[in-house]
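Chain residues, written in single-letter form:
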Protein chains: 2
Amino acid sequence: MGVAERKEREKEVLREQILTAAKTLFLEKGVEKTSIRNIADLIEYSPGSIYHYFKDKDEIFYALHQGGFQQLMTKMLVINDLPHPMERLKAMGSIYVQFGLDNPDMYDLMFIKEAPLDHVARTKALQWNEGEATFKFLRSTLRECMEQGYFQGHEEETLSFLIWSTVHGMVSLQIRRRCEVVLADRQDTIVKDGLNEFFNILDRQFS
Amino acid sequence: MGVAERKEREKEVLREQILTAAKTLFLEKGVEKTSIRNIADLIEYSPGSIYHYFKDKDEIFYALHQGGFQQLMTKMLVINDLPHPMERLKAMGSIYVQFGLDNPDMYDLMFIKEAPLDHVARTKALQWNEGEATFKFLRSTLRECMEQGYFQGHEEETLSFLIWSTVHGMVSLQIRRRCEVVLADRQDTIVKDGLNEFFNILDRQFS
DNA sequence: AAATGTAATTGAACAGTGTTTAAAAATAAA
DNA sequence: TTTATTTTTAAACACTGTTCAATTACATTT
């Protein structure tokens, strides 16, 4: 009868509970300081039971990091309203940077921490679907810019990587606190300022 | 008489031994997987004795990260042979990237890991001397480029941060394995290719 | 309704972590 | 030789991720 299906649903509910608890703890303490026992305490189950729903800790944080890409991708969709590809490219940069600064722990998990990639490597998936989709989105936007005459003489994939690296570099230096000591007085504005300088340079890459 | 000085020297010797052991282990396993007990085993002392020479684990890895900056700075000095500031700037980029790719764990510790900055924060030093010196080196080179007519209309500090971010972004995406999944087929060359694209863009920033 | 089989849950254990501390050993000064 | 100081140690504390045999809960079959 429908009993197997109901059980399946119940199992899914607890899986979600674990993820919600994990996300709550992770957003206030980060990955390292969120323990399996912390998660178990919060959902009022024993630590061992977590392992009936997730293979290991990395799998939990891989699932969370997937949610982060969902979030980021949703925010990215607003660029479709912009007519000019160059505006879309810059808007992508702004959204990416803003996402990183607004959600430092999630950004950390998505683009800095090894945990999610360790999981990808172990499942022998050989591909990081979330990252790949985001990168392809950047590539196609850049291609449109090139079709309009921007970035002549550049190679699409390489330039996409370079642009990604630039915004990632700014966000990650900020997140991992390399700015607050080197650029103490401009802590809050340096990333936005840097992004604007970047946009100026990009704008000049016409013809 | 000279007994206090001798003791001081002996203490320094053991301090160095600890650092050497820590470095050995850290270079083959990374920070997280190098434990105080591992270090103690290697120098054949008890774990507790380490705490007579270092306040905590972060202090040990802060000391190691200082050595990394020494290394990087030494490599950077060869740019003084280059007559044109723009060549010096590009050489700095190449050396920085090469250092990161050649010494991923050390780079990780210097520019990605939180441990050394945690120590900086706790000692209330309020400044990260190693990072500051490196950044100032970049700034002064960039200033010379600007004096020669490059990067007109840009602000020195902001542009320095942008350039640093770009090279750091490429290295850190590579080191934290975000390339090997998104750009699998170009894994070994993508950073060098990206750097060359970057140099092309920089060269065009004249007048 | 009782017995059986299956899935979920538990608590205890394992082997590790950074760190603290009281006691012991080693060394220096009196 | 005694006293004082420094160095070293073992043990303990409170954690960590993970495994596993035993228990509980529940669905199916007799």
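Residues numbered from 1 in each chain as written. Chains lettered and ligands numbered in written order. Predicted model: local features only at pLDDT ≥ 70, side-chain atom pairs only at ≥ 80, totals over all residues. Heavy atoms only, no water.

**Things to note about the overall build of chain A**
Put simply, the rule is: In DSSP terms, a helix is any run of H or I states spanning at least four residues, a strand is any run of E spanning at least two, and both are numbered starting from the N terminus. For every residue, the accessible area obtained with a 1.4 Å probe (protein chains only) is divided by the maximum for its type, and the residue is called buried under 20%, exposed over 50%, and partly exposed between those limits. Contacts between residues were defined by any pair of non-hydrogen atoms, one from each residue, lying within 4.5 Å. Surface accessibility in these figures is a Shrake-Rupley result with a 1.4 Å probe; residues are shielded only by whichever protein chains are displayed. Counting rule applied: Lys, Arg positive; Asp, Glu negative; His and chain ends not counted. Where a charge lies is defined by one atom per residue type: Lys uses NZ, Arg uses CZ, Asp uses CG and Glu uses CD.
Along chain A, the regular secondary structure elements total 10 helices and zero strands. Each helix (α) and strand (β) of chain A, taken in turn from the N terminus, gives the series α-α-α-α-α-α-α-α-α-α. With the principal axes as the frame, chain A shows a C-alpha extent of 65 × 50 × 30 Å. Counting every position in chain A, which comprises 207 residues, the buried fraction comes to 53%. At a minimum sequence separation of 6, the contacts of chain A that also span at least 24 residues come to 67%. For chain A, the exposed area adds up to about 9,900 Å²; of that, 51% sits on carbon and sulfur atoms. Side-chain charges of chain A comprise 26 positive and 32 negative groups, with the mean position of each set lying 4 Å from the other.

**What about the relation of the copies chain B and chain A?**
Using the following cut-off: Superposition of the copies was done by least squares, using only C-alpha atoms of residues whose pLDDT is at least 70 in both.
The transformation that overlays chain B on chain A combines an axial shift of 0.0 Å with a rotation of 180°, and the residual RMSD is 0.0 Å. Such a combination of turn and shift is consistent with a two-fold rotation axis. Taken together, the interface assignments show that 100% of the residues at the interface of chain B recur at the interface of chain A, consistent with an identical surface on both copies.

**Let's talk about the side chain of Ser-49 of chain B**
Residue and element names in this part refer to chain B. In plain terms, the rule: Polar contact is defined as a pair of N or O atoms within 3.5 Å, subject to the rule that within protein one atom must be able to donate a hydrogen and the other to accept it, and that residues adjacent in sequence are counted only when both atoms are side-chain atoms.
Within the secondary structure, Ser-49 sits in the loop between helix 2 (36-43) and helix 3 (57-76). For Ser-49, a relative accessible area of 18% gives the class buried. Here the side chain of Ser-49 touches Ser-46 through a polar contact of 2.6 Å, landing on its backbone oxygen.

**So, the domain arrangement of chain A**
Residue and element names in this part refer to chain A. Under the convention used in this document: Note that the domain bounds were set by an automatic or database domain assignment. Two parts placed together each lose some accessible area; with a 1.4 Å probe, that loss summed over both constitutes the buried area. A pair is scored as a salt bridge if a Lys or Arg side-chain nitrogen falls within 4 Å of a carboxyl oxygen belonging to Asp or Glu. Side-chain classes are defined by residue name, with Ala, Val, Leu, Ile, Met, Phe, Trp, Tyr, Cys and Pro counting as nonpolar, Asp, Glu, Lys and Arg as charged, and the others, Gly among them, as polar.
Segmenting chain A into domains produces domain 1 (1-54) and domain 2 (58-203). A straight line from the C-alpha centre of domain 1 to that of domain 2 covers 29 Å. In this assembly, 16 residues from domain 1 lie in contact with 10 residues from domain 2. For the pair domain 1 and domain 2, the summed buried surface comes to about 1,100 Å²; carbon and sulfur atoms form 79% of the total. The three residues of domain 1 that bury the most area against domain 2 are Phe-26, Val-31 and Phe-54, which together make up 46% of that side's buried surface. The interface formed by domain 1 and domain 2 contains one salt bridge. Here Lys-113 makes a salt bridge to Glu-32, at a shortest N to O gap of 3.5 Å. The interface formed by domain 1 and domain 2 holds one residue pair in polar contact (both at pLDDT 80 or more) in total. Counting residues per element, the ones that place at least two in the side of domain 1 that touches domain 2 are helix 1 (3-29) and helix 2 (36-43). By residue number, the principal contributor to the side of domain 1 that touches domain 2 is helix 1, which donates seven residues. Residue classes in the side of domain 1 that touches domain 2 are distributed as 11 nonpolar, two polar and three charged.

**Some remarks on the pattern of salt bridges**
Within the structure shown, the criterion is met by 34 salt bridges over all chains. Close ionic contact of Asp-58 of chain A with Arg-122 of chain A constitutes a salt bridge, the shortest N to O distance being 3.0 Å. One end of the pair, Asp-58 of chain A, is in helix 3 (residues 57-76); the other, Arg-122 of chain A, is in helix 6 (residues 115-122), with 64 residues separating them in the sequence. Residue Asp-58 of chain A is classed as buried on the basis of its relative accessible area of 19%. Close ionic contact of Lys-55 of chain B with Asp-56 of chain B constitutes a salt bridge, the shortest N to O distance being 2.8 Å. With relative accessibility at 19%, the residue Asp-56 of chain B sits in the buried group.

**Things to note about the packing of helix 7 (residues 129-147) of chain A against helix 8 (residues 156-175) of chain A**
All names here are of chain A. Using the following cut-off: In this analysis, axes come from line fits to C-alpha atoms, helices being fitted only over the stretch in contact, and the angle between any two N-to-C directions falls in the range 0 to 180 degrees. Each helix crossing is assigned a hand: it is left-handed if the near helix lies turned anticlockwise from the far helix by less than a right angle, otherwise right-handed if that turn is clockwise.
The contact between helix 7 and helix 8 brings their axes to 9 Å, and the two run at 115°. Helix 7 and helix 8 meet at a crossing whose hand is right-handed. Across the interface between the two elements, Phe-135, Leu-138, Arg-139, Leu-142, Arg-143 and Met-146 of helix 7 pack against Glu-156, Glu-157, Leu-159, Ser-160, Phe-161, Ile-163 and Trp-164 of helix 8. When its residues are assigned to classes, the contact of helix 7 with helix 8 shows eight nonpolar, one polar and four charged.

**Concerning helix 5 (residues 104-112) of chain A**
With seven of nine residues buried, helix 5 of chain A lies mostly within the body of the structure. Within the span of helix 5 of chain A, buried status applies to Met-106, Tyr-107, Asp-108, Leu-109, Met-110, Phe-111 and Ile-112 of chain A.

**Side note on the packing of aromatic side chains**
Residue and element names in this part refer to chain A. Keep this limit in mind: Pairing of aromatic side chains here covers Phe, Tyr and the six-membered ring of Trp, requires ring centres within 6.5 Å, and sorts the geometry by plane angle: under 30 degrees stacked, over 60 edge-to-face, intermediate tilted. A positively charged side chain is recorded as over a ring if its NZ (Lys) or CZ (Arg) lies within 6 Å of the ring centre. The angle to the ring normal must also be within 35 degrees.
Under the counting rule described, the total for this entry stands at 22 aromatic pairs over all chains. Plain terms: the ring middles of Tyr-150 and Phe-151 are 6.1 Å apart, the flat faces sit at 45° to each other, and that makes the pair tilted. Exposure remark for Tyr-150: the relative accessible area of 13% places this residue in the buried category. Among the aromatic side chains, those forming a connected cluster through ring pairs are Phe-69, Tyr-96, Tyr-107, Phe-111, Trp-128, Phe-135 and Trp-164. The ring of Tyr-53 carries the charged tip of Lys-11 above its face, separated from the ring centre by 5.8 Å.

**Considerations on the side chain of Asp-56 of chain B**
Residue and element names in this part refer to chain B. Examined against the element boundaries, Asp-56 turns out to sit in the loop between helix 2 and helix 3. A distance of 2.8 Å separates a polar atom in the side chain of Asp-56 from a polar atom in the side chain of Lys-55. What Asp-56 contacts, discounting residues up to four positions off in sequence, is Tyr-51 and Arg-122.

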